[in-house]
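Structural features, examined
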Amino acid sequence: MWVDANLAIQNQVSAVIMMFLFGVAGFSVVAPLQLRVMNAAGHAPDVASAANISAFTLGSAIGITLGGAAIDGGWGLTSVNWVGGLITSTGLVIALLTWVLIDWRSPGTAHDGGAADAVPAHHEHHHAASHSHH
C-alpha cells in the first residue's frame with residue numbers, strides 16, 4: 001500500500017484519484033462519530049459536539065505541521081504518506097485502548113446491545129414536546 005501511495009503522488013491523475021478516495025474515507029467517519037458523541041453527551045451535547053469537532057481540527061493542524069516538518073527536513077513529498085500513516089496508526093491505537101479501558105467498563109455501552117447509541121429518554125421527551133407546540 002505504501003508503494004502505491006508513493007507512486008500515486010508522482011502522477012497527476014492518480015494523485016487526484018487518491019485525494020478523492022482519501023477524502024471519502026476520511027470524512028465518512030465524521031457523521032457516525034459525531035452521532036456517537038452526541039448520544040453519549042447527556043445534558044451537554046453542544047459542548048461535546050464542539051469538543052469533537054475541535055479534536056478533528058487539532059488533528060488536521062498536527063498533521064499539517066508534521067507533514068511540513070518532514071518535507072522541510074529533506075525527506076521529500078512522499079514522506080507525508082509515512083507521517084500520515086504514523087498519525088493514523090497512533091489514533092487507531094488510542095481508539096482501541098479507549099474502547100478496551102473505558103467502553104468495556106462502562107454500563108450502557110455498545111458491547112451490551114448498543115444502549116449507548118440510543119437517544120436518552122430526556123432527549124426523546126424534549127424532542128416530542130417541542131414538535132407538539134408547532
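Please read these numbers as outputs of a predicted model, since none were measured by experiment.

As a further point, take the overall build of the chain. Along the chain, the regular secondary structure elements total six helices and zero strands. Each helix (α) and strand (β) of the chain, taken in turn from the N terminus, gives the series α-α-α-α-α-α. Relative to its full complement of 134 residues, the chain shows a buried share of 16%. Taking all contacts inside the chain whose residues are at least 6 apart in sequence as the whole, residues at least 24 apart take part in 41%. Just so you have it, the chain exposes about 9900 Å², and 73% of that area is on carbon and sulfur atoms.

Together, Leu92, Val93, Leu96, Leu97, Trp99, Val100, Leu101, Ile102 and Trp104 line one region of the surface with nonpolar side chains, adding up to about 870 Å² of accessible area. By the element assignment, valine 93 lies in helix H5 (residues 79-103). Accessibility expressed as a relative area gives 47% for valine 93, which makes it partly exposed.

Attention shifts here to the packing of helix H3 (residues 30-40) against helix H4 (residues 45-75). Across the interface, H3 lies against H4 with an axial gap of 9 Å and an inter-helix angle of 145 degrees. Like other packed secondary-structure pairs, H3 and H4 cross with a definite hand, here right-handed. Contact with H3, carried on its side by Val30, Leu33, Gln34, Val37 and Met38, involves Pro45, Ala48, Ser49, Asn52, Ile53 and Phe56 of H4 and no other residues of that element.

Our next topic: H5. Residue pairs spaced three or four apart in an α-helix point in one direction, given the helix's 3.6 residues per turn. Between the first and last C-alpha of H5 there are 35 Å, a value that for 25 residues agrees with the 36 Å anticipated at 1.5 Å per step. Within the span of H5, buried status applies to Ser79, Asn81, Val83, Gly85 and Asp103.

This part takes up H4. When the terminal C-alpha atoms of H4 are compared, their 42 Å separation across 31 residues agrees well with the 45 Å that a helix rising 1.5 Å per residue should span. Just downstream of H4 lies glycine 76, where phi reads positive at about 90 degrees.

Let's shift gears to the packing of H4 against H5. Packing of H4 against H5 leaves a shortest axis separation of 9 Å and a crossing angle of 140 degrees. Where H4 crosses over H5, the handedness of that crossing is right-handed. The residues of H5 that touch H4, namely those facing Gly63, Leu66, Gly67, Ala70, Ile71 and Trp75, are Ser79, Val80, Val83 and Ile87. Considered class by class, the residues forming the contact of H4 with H5 number seven nonpolar, three polar and no charged.

Here serine 79 shows up in helix H5. A relative accessible area of 7% places serine 79 in the buried class. Each residue touching serine 79, except ones within four places of it in the same chain, is listed here: Ala70 and Ile71.

The topology assignment puts isoleucine 62 in helix H4. Residue classification places isoleucine 62 among the partly exposed positions, given a relative accessible area of 41%. The spacing of isoleucine 62 and isoleucine 87 is 25 residues in sequence and 8.9 Å in space, taken between C-alpha atoms.

Here the chain shows a mean pLDDT of 78. Residues at 70 or above account for 71%. Model confidence for the chain, summarised as mean pLDDT per element, is weakest for helix H6 (residues 121-132) at 46 and strongest for H4 at 93. Low confidence marks residues 111-134, where pLDDT is under 50. Its contacts with residues over four positions away, or in another chain, come to 21 contacts.

Parameters at a glance
Residues numbered from 1 in each chain as written. Predicted model: local features only at pLDDT ≥ 70, side-chain atom pairs only at ≥ 80, totals over all residues. Heavy atoms only, no water. Helix = DSSP H or I, 4+ residues; strand = E, 2+ residues; numbered from the N terminus. Buried < 20%, exposed > 50% of the residue type's maximum accessible area, 1.4 Å probe, protein only. Contact = heavy atoms within 4.5 Å. Areas by Shrake-Rupley, 256 points an atom, 1.4 Å probe, with all protein chains shown as cover. Patch = residues over 30% accessible without salt bridge, like charges linked within 9 Å, V, L, I, M, F, W, Y side chains within 5 Å. Salt bridge = Lys/Arg side-chain N within 4 Å of Asp/Glu carboxyl O. Axes fitted to C-alpha atoms, helices over the stretch in contact; angles between N-to-C directions. Left-handed = near helix turned anticlockwise from the far one by under 90°. Expected span 1.5 Å × (residues − 1). Nonpolar A, V, L, I, M, F, W, Y, C, P; charged D, E, K, R; others polar. pLDDT = per-residue confidence, 0-100.

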